[in-house]
Amino acid sequence: MPLGSTTNTPLLEIKELSKKFGGIVVLEGLSLSLSSQELRCIIGPNGCGKTTLFNVATGALPPDGGSVYIKGEEVTGLPSHEIARRGIVRKFQVPGIYKDLSVVENLEVPLNASASRSAWKILTAKPRHSRMLELLDICGLSSKATVLAGSLSHGEKQWLEIAMLLASDAELILLDEPTAGMSILETEKTAELINRLRHQFNKTVLVIEHDMFFVRLLNCPVMVMMNGSILRVGPYDEIRKDPKVIEAYLGRAG
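Residues numbered from 1 in each chain as written. Predicted model: local features only at pLDDT ≥ 70, side-chain atom pairs only at ≥ 80, totals over all residues. Heavy atoms only, no water.

**Digging into the overall build of the chain**
A tally of regular secondary structure across the chain gives 10 helices and 10 strands. A total of 254 residues make up the chain; the buried ones form 49% of that total. Partitioning the intrachain contacts of the chain with sequence separation of at least 6 by distance along the chain shows that 68% fall at a separation of at least 24. Counting every atom, the chain has about 12200 Å² of accessible surface; 51% of that belongs to carbon and sulfur. (Helix = DSSP H or I, 4+ residues; strand = E, 2+ residues; numbered from the N terminus. Buried < 20%, exposed > 50% of the residue type's maximum accessible area, 1.4 Å probe, protein only. Contact = heavy atoms within 4.5 Å. Areas by Shrake-Rupley, 256 points an atom, 1.4 Å probe, with all protein chains shown as cover.)

Structure follows, in structure tokens:
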């Protein structure tokens with residue numbers, strides 16, 4: 001399928017993805033499709049393949065079978081930097097910030113990188129002041145612009161990294177357990193932030209999460225993973241009442 005061949009082409013499409021580690025099957029015939037500006041959440045028990053799915057989709061791991069497409073262009077097996085150039089960025093569970101740099105300096109890195117691929121220009125370019133102020137507001141750190149990122153609270157570090165992803169101008173943002181270790185208030189603010197990414201900045205967001213309180217706050221379609229494949233897809237209120245989901249995951253989690 002040629003790139004951009006139809007307005008209905010999904011932003012991300014995964015077909016029959018499989019991955020094994022030795023004799024252990026981690027992904028088995030997994031398929032999913034995400035349209036532009038869509039928000040979805042993936043839940044499932046530890047070991048069901050959620051993070052491996054992100055690893056394969058972003059090029060960190062090669063699949064053993066199946067295909068990955070971005071805007072209709074196959075990117076299966078491409079290295080991570082090539083997939084990132086096509087508009088996919090990822091947040092890991094542990095915040096990937098520069099602790100010895102200030103909040104502003106952390107944001108300058110992706111802002112300058114998105115403006116040019118020249119290493120010299122990345123180091124010397126000055127991002128637009130208005131864009132910087134916008135990103136500081138998004139992550140709720142306007143009052144801590146000159147503070148070292150390493151001194152931020154856990155939640156603030158997570159928000160800073162999400163703002164850094166937004167600064168890259170990628171269309172699809174993958175978030176791996178963004179509320180792990182957060183307080184209830186921080187979790188609520190994170191849900192607000194993610195919904196802003198979609199509605200205010202027209203981003204497509206795919207989230208891996210265990211916290212069902214957070215999943216409910218996102219108010220988006222939920223995909224339940226079990227044994228390397230998708231068990232069920234639907235609204236939160238339907239998913240949490242599904243007998244198969246309760247038996248396979250929620251019953252054990254609760």
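**A word on the packing of helix 5 (residues 129-138) against helix 6 (residues 154-167)**
Packing of helix 5 against helix 6 leaves a shortest axis separation of 9 Å and a crossing angle of 145°. Along this stretch, helix 5 crosses helix 6, giving a crossing that reads as right-handed. On helix 6, the residues touching Arg131, Leu135 and Ile138 of helix 5 are Ala163, Leu166 and Ala167. A per-class count over the contact of helix 5 with helix 6 returns five nonpolar, no polar and one charged. (Axes fitted to C-alpha atoms, helices over the stretch in contact; angles between N-to-C directions. Left-handed = near helix turned anticlockwise from the far one by under 90°. Nonpolar A, V, L, I, M, F, W, Y, C, P; charged D, E, K, R; others polar.)

**What to know about the packing of helix 6 against helix 7 (residues 184-199)**
Helix-helix packing is described using two parameters, namely the angle between the two axes and the distance between the axes. Relative to each other, helix 6 and helix 7 sit at 5°, their axes nearing to 11 Å. It follows from the interaxial angle that helix 6 and helix 7 lie roughly parallel. Of the residues in helix 7, those in contact with Gly155, Trp159, Ile162 and Leu166 of helix 6 are Glu186, Lys189, Thr190, Leu193 and Leu197. Looking at the contact of helix 6 with helix 7 residue by residue, the class counts come to five nonpolar, two polar and two charged. (Parallel < 35°, antiparallel > 145°, perpendicular 65-115°, else oblique.)

**Details of the sheet that holds strand 9 (residues 222-226)**
Across the sheet, six strands lie side by side as 6-7-8-3-9-10; this open sheet has mixed pairing. Either end of the sheet is taken by a strand with one partner, and the two such strands are strand 6 (88-91) and strand 10 (229-234). The average angle at which neighbouring strand axes cross in this sheet is 20°, direction not considered. Where strand 3 (residues 39-43) and strand 8 (residues 204-208) come together, four bridges link them in parallel fashion. Residue pairing across strands places Leu39 opposite Val205, the latter belonging to strand 8. Lying on the sheet, helix 6 is in contact with strand 6 and strand 7 (172-176); it crosses strand 6 at an angle near 175°. (Pairing = 2+ DSSP bridges.)

**Topic: the side chain of Glu13**
Counting through the fold element by element, Glu13 comes out in strand 1 (residues 12-21). Here Glu13 sits buried without a salt bridge, and the closest side chain of opposite charge, Lys15, lies 4.1 Å off (N-O distance). Beyond its immediate stretch of four places on either side in the chain, Glu13 contacts Leu32, Ser33, Ser67, Val68 and Tyr69. (Lys, Arg positive; Asp, Glu negative; His and termini not counted. Salt bridge = Lys/Arg side-chain N within 4 Å of Asp/Glu carboxyl O.)

**What to know about the pattern of salt bridges**
In the structure shown here, the tally under the stated rule is 14 salt bridges. Its salt-bridge partner being Glu38, residue Arg40 comes within 2.7 Å of it at the nearest N-O pair. Like Arg40, the residue Glu38 is buried in the burial classification. The structure contains a network of salt bridges with shared partners spanning Glu73, Glu82, Arg85 and Arg86.

**Structural notes on the state of the cysteines**
A full pass over the atoms with the stated rule returns zero disulfides. Left without a disulfide partner, Cys220 is nearest to the cysteine sulfur of Cys41, which lies 5.5 Å away. A relative accessible area of 5% places Cys220 in the buried class. (Disulfide = S-S within 2.5 Å.)

**A closer look at the nonpolar core**
If you look at the biggest cluster of nonpolar residues, it comprises 48 residues, and the most contacted ones within it are Ile43, Leu107, Leu160, Leu175, Ile194, Val207 and Leu218. Ranked by the residues each element gives to this core, the list is headed by helix 6, at eight residues. (Core = buried A, V, L, I, M, F, W, Y, C linked by side-chain atoms within 4.5 Å.)

**Brief notes about the sheet that holds strand 5 (residues 73-74)**
Pairing within the open sheet is antiparallel, and its four strands lie in the order 2-1-4-5. Each edge of the sheet is formed by a strand with only one pairing partner; in this case those strands are strand 2 (24-34) and strand 5. With two bridges connecting them, strand 4 (residues 65-70) and strand 5 associate as antiparallel partners. From the neighbouring strand, Tyr69 faces strand 5, where its bridge partner is Glu74.

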